[in-house]
Amino acid sequence: MKKALLSLLLLSTFLYGEYTREDRIKDMQEMAEAMNTIQSGFFYNNYDTVSAGIEHLTSSTDRIRPPMEELEEKDVMTRYMNNKFQMTRKVVRQINQKSLTILQRFKNGDTAQAVQAYKKILAQCMACHRETRNW
């Protein structure tokens, strides 16, 4: 069990490199910029702006994961209680699904439903922040 966990950790380190808190902060700032771009696209009724914001958002969320110091937590119970890797994957998956919904609905002219999907992405952002920052 320990060997499998260690090999998985080493494999993820080699595949992704070391991901630090500073990297996560940078990615979160990029996600905020992407959300602002999407919102601007709504205000100006511009599909290209919304599409560019969605593309930026999905590329930013693809890099999000817990920093190495959280993954290398020594206390097993703390690691279990945090469960940040699974939570992060779930939030990223839901953000990506809602991003596709925004594109489809906005392209079809259903701006109200596109804005509702945008609101659900914001709810996912807030859920993650409540979990990780204890808001």
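The structure contained in this document is the topic of the report that follows. Residue positions within a chain follow its written sequence, with the count starting from 1. Totals for whole chains, interfaces and linings use every residue, but because this is a predicted model, local features are given only for residues with pLDDT of at least 70 and side-chain atom pairs only at 80 or more, for both listing and counting. To get the side-chain values, all heavy atoms of the structure are used, and hydrogens and water are removed first.

1. Some points on unusual backbone geometry
Trans peptide bonds make up most of the peptide bonds, and negative phi angles are found at most residues other than glycine.
No. 1: In this structure, asparagine 45 takes a positive phi of about 50° despite not being glycine.
No. 2: Only DSSP runs of H or I reaching four residues or more are called helices, and only runs of E reaching two or more are called strands; each is numbered from the N terminus. Structurally, asparagine 45 is set in the loop between helix H2 (21–43) and helix H3 (47–63).

2. Quick notes on H2
No. 1: Between its first and last C-alpha atoms H2 spans 33 Å; for 23 residues at 1.5 Å apiece the expected length is 33 Å, and the two agree.
No. 2: Of the residues making up H2, those classed as buried are Arg24, Asp27, Glu30, Met31, Ala34, Met35, Ile38, Gly41 and Phe42.
No. 3: Following H2 by one or two positions, asparagine 45 has its phi on the positive side, about 50°. In a helix, the anticipated span is given by 1.5 Å times the number of residues less one. Think of it in three bands: residues with accessible area under 20% of the maximum for their type are buried, residues over 50% are exposed, and the middle band is partly exposed, with areas taken using a 1.4 Å probe on protein chains only.

3. Details of the packing of H2 against H3
No. 1: As a rule, the C-alpha atoms of each element are fitted with a line to give its axis, helices using only the stretch in contact, and angles between N-to-C directions run from 0 to 180 degrees. Contact pair H2 / H3: the axes reach a minimum separation of 8 Å and the direction vectors enclose 160°. One finds that H2 runs roughly antiparallel with respect to H3. Considering how the two elements wind past one another, H2 and H3 form a crossing that is left-handed. For the pair H2 and H3, the contacting residues are Asp27, Glu30, Met31, Glu33, Ala34, Met35, Thr37, Ile38, Ser40, Gly41 and Phe42 in the first and Thr49, Val50, Gly53, Ile54, His56, Leu57, Ser60, Thr61 and Arg63 in the second.
No. 2: Residue classes in the contact of H2 with H3 are distributed as 8 nonpolar, 8 polar and 4 charged. Any angle that is under 35 degrees is reported as roughly parallel, and any over 145 degrees as roughly antiparallel; angles of 65 to 115 degrees are reported as roughly perpendicular and all others as oblique. Two helices cross in a left-handed way if the nearer one is turned anticlockwise from the farther one by less than a right angle. They cross in a right-handed way if the turn is clockwise. When checking whether two residues touch, look at their non-hydrogen atoms; a contact exists if any pair is within 4.5 Å. Residues are grouped as follows: Ala, Val, Leu, Ile, Met, Phe, Trp, Tyr, Cys and Pro are nonpolar; Asp, Glu, Lys and Arg are charged; every other residue, Gly included, is polar.

4. Looking at the nonpolar core
No. 1: Residues belong to a common nonpolar core when they are buried Ala, Val, Leu, Ile, Met, Phe, Trp, Tyr or Cys residues joined through side-chain atoms within 4.5 Å. Core analysis: the largest hydrophobic core is formed by 23 residues, its most contacted members being Ile38, Phe42, Val50, Leu57, Ile95, Ile102 and Ile121.
No. 2: The set of elements that each furnish at least two residues to this core consists of H2, H3, helix H6 (84–107) and helix H7 (111–133).
No. 3: In terms of residues, this core owes the most to one element, H6, which gives 7 residues.
No. 4: With near-sequence residues (within four places) excluded, leucine 57 lies in contact with Met31, Ala34, Met35, Ile38, Ile95, Ser99 and Ile121.

5. Describing the packing of aromatic side chains
No. 1: Centres within 6.5 Å make a pair out of two Phe, Tyr or Trp rings, where for Trp the six-membered ring is used; the pair is then stacked when the planes are under 30 degrees apart, edge-to-face when over 60, and tilted otherwise. On inspection of all chains with the given rule, the structure shows 3 aromatic pairs.
No. 2: Seen in terms of ring centroids, phenylalanine 42 and phenylalanine 106 are 5.5 Å apart; in terms of plane orientation they differ by 50°. Their pairing is tilted. Of the two residues, phenylalanine 42 is situated in helix H2 and phenylalanine 106 in helix H6; the sequence distance between them amounts to 64 residues.
No. 3: Residue phenylalanine 106 is classed as buried on the basis of its relative accessible area, which comes to 7%.
No. 4: Both rings, one in tyrosine 47 and one in phenylalanine 106, keep their centres 6.5 Å apart while their planes meet at 15°; by these two values the pair is stacked. In this pair, tyrosine 47 sits in helix H3 while phenylalanine 106 sits in helix H6, placing the two residues 59 residues apart along the sequence.
No. 5: Residue class for tyrosine 47 comes out partly exposed when judged on its relative accessible area of 29%.

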